[in-house]
Amino acid sequence: MPQLKVQIKGIRDGLLLVAGEGSWEEIHASILTQLDDQASFLKGGRLAIDVGNQILKAVEMSKLRDEISERGLTLWAVLSSSPTTEKTAQTLGLATRLSKPRPERTTRPLETTLQSGEQAILVHRTLRSGFSLQHAGHVVLIGDVNPGAEIIAGGDVIVWGHLRGMVHAGAGGNEGAVVCALDLAPTQLRIGGQIATTPQRRGKPQPELARVVDGRVVAVPWNPKSVGKRE
Amino acid sequence: MPGQVVTVTSGKGGVGKTTATANIGAALAASGQKVVCIDADIGLRNLDVVLGLENRIVYDLVDVVEGRCRIRQAMIRDKHLNDFFLIPAAQTRDKSAVSPSDMVRLCEELRPDHDWILIDSPAGIERGFRNAIAPADIVLVVTNPEVSAVRDADRIIGLIEAEEKGPARLVINRIKSEMVKRGDMLSPDDVLELLAVELIGLIPEDEHVVMSTNQGVPIVLNGKSKSAQAFRDIASRLKGEEVPFTPLDDDRGIFKRLARLIRPEGN
């Protein structure tokens, strides 16, 4: 049985073929065999090849590149300890180094699967424009909700901070839900099926609580005196 | 000490990213630092024009990334400053010609020989922005005191935090103190209150900026204007110096005010 001259590894940037010892003819042949054997699995992939100390000329490398692309793969990098090979790769417009493994980071959505339930989540951060926080239960947020951000909750929403984005409480249709914030100035406020916008700001922000009364969204300021009387 | 990578970005277009990059770079270089600016706005390059180096471009960023030239060959030396270089963007390609890992690799190569690597990011939150942000140590977000620009800055700051490149530092550009006083423009405090990030520069509106941009000479190199000083202050703050923020309207002396009372349209 012919000894395998190449190994295939999965890396972040696609696939990496590592060539073993041997003449280029042998390695070249086993690269192609490997690719053919796993054609269906590899198809469409991005391929980097580490050829070790092999010295490759432009003819050989471009031939390999073409053969690889005939098999539905893209050769994007050739790694080598030989400067000649590196130079060849560069003239062909191929990379000669893999990037450092750095985990690709994307925005982490805070979405939870929507199930019915009464649980609340506590979020301690500011929601910036473009951020969507969705939760089936109640939402308590310590921080601001900036314009362009949104909170969608099955239950109540409490914001300890400025609420200037979009907020939807009782998103499942619960019109008994409430929204309260230290500064209640959302671009749009929805409770259940009711939609309201914030009237022009009058004076200093004050804590307010919004709820649906007689089919309309009504916001009531939090007043320490009246609270005291009721108790 | 290896160089620091500073990315200048904004989200919204036209708020002054390129002007800020050119001027902060020039201010750093004028103070004796080794600086290289990279224009990451592939397909819509501008930084070369602002620096007046348009006609010297032979190789560009994409040539470097695709291995058609060495990095040194693509670095254009500034006309006025010895240790100030530009790596221009390609004009005939688009953002997909470069990947974030290419940018990281490029900056790693530049770090040992330079104190500062400034990257001029394209507008938007797509590939070009990702490219520009990938190698950054420090991110400067430029905004104008306008609701739309602030909204985009907020989004960008969120993305920067998600990429764990934060905290971003804020440059508020084109402030008109007159309008702020009348209450017709967001004040720096309003902007900071919403964005809640560290402020690194307040730049007043200044018609000299337009003139210097058209001439291709950064305003910090020949200007005594307030905006030139504001850019120099940003450079100093990047270097870790404590520079107080100058009030925006203290050059309106009594004579100027009198003169304007007499001739309202004159300066």
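Here, every reference points to the structure presented above.
In this report, we go over the structure that sits alongside the text. Keep in mind that what you see is a predicted model, and the values were worked out from it rather than measured.

A few words on the interface of chain B and chain A. Contact residues are listed per partner, giving 16 residues for chain B and 18 residues for chain A. Contributing elements (two or more residues each) for the side of chain B that touches chain A: helix H5 (100-110) and helix H7 (147-162) of chain B. The leading source of residues in the side of chain B that touches chain A is H7(B), at seven residues. Across the side of chain B that touches chain A, the residue classes break down as six nonpolar, three polar and seven charged.

Glancing now at the sheet that holds strand S8 (residues 150-153) of chain A. Across a sheet, strands are paired by hydrogen bonds formed along the backbone, either parallel or antiparallel in direction. Residue and element names in this part refer to chain A. The five strands are arranged S6-S8-S10-S12-S13 in an open sheet whose pairing can be described as mixed. In this open sheet, the two edge strands, each paired with only one partner strand, are strand S6 (132-135) and strand S13 (194-196). Neighbour-to-neighbour, the strand axes of the sheet open up by a mean angle of 10 degrees, direction not taken into account. In this structure, strand S10 (residues 166-169) lies alongside strand S12 (residues 188-191), joined through four bridges in parallel fashion.

So, about H7(B). Residue and element names in this part refer to chain B. The terminal C-alpha atoms of H7, which comprises 16 residues, lie 23 Å apart, in line with the 22 Å expected from a rise of 1.5 Å per residue. With respect to burial, H7 is a largely interior element, twelve of its 16 residues being buried. Considered for burial, the residues of H7 that qualify are Ala 149, Val 150, Arg 151, Asp 152, Ala 153, Asp 154, Arg 155, Ile 156, Ile 157, Gly 158, Leu 159 and Ile 160. The inward-facing, buried residues of H7 abut strand S1 (4-9), helix H6 (127-133), strand S6 (138-143) and helix H9 (188-195).

Residues and elements named next belong to chain A. Within the element layout of this structure, His 28 appears in helix H1 (residues 24-37). For His 28, a count of 21 C-beta atoms within 10 Å translates into the label buried. For the pair His 28 and Glu 60, spaced 32 residues apart in sequence, the C-alpha separation works out to 9.4 Å.

Attention now moves to the nonpolar core. By size, the foremost hydrophobic cluster in this structure holds 79 residues, and its most contacted members are B:Leu61, B:Ile117, B:Leu118, B:Ile119, B:Val141, B:Val171 and B:Phe231. Look past the residues within four positions of B:Leu61 in its chain and what remains in contact with it is B:Ile38, B:Asp39, B:Ile42, B:Ala74, B:Ile87, B:Pro88, B:Ala89, B:Ala90 and B:Val98. With 25 residues, the next largest nonpolar core counts A:Val145, A:Val157, A:Ala171 and A:Cys180 among its residues.

Reading guide: rules and limits
- Residues numbered from 1 in each chain as written.
- Chains lettered and ligands numbered in written order.
- Predicted model: local features only at pLDDT ≥ 70, side-chain atom pairs only at ≥ 80, totals over all residues.
- Contact = placed C-beta atoms within 7 Å.
- Helix = DSSP H or I, 4+ residues; strand = E, 2+ residues; numbered from the N terminus.
- Nonpolar A, V, L, I, M, F, W, Y, C, P; charged D, E, K, R; others polar.
- Pairing = 2+ DSSP bridges.
- Axes fitted to C-alpha atoms, helices over the stretch in contact; angles between N-to-C directions.
- Expected span 1.5 Å × (residues − 1).
- Buried ≥ 20, exposed ≤ 12 C-beta atoms within 10 Å, placed from the backbone.
- Core = buried A, V, L, I, M, F, W, Y, C linked by C-beta atoms within 7 Å.

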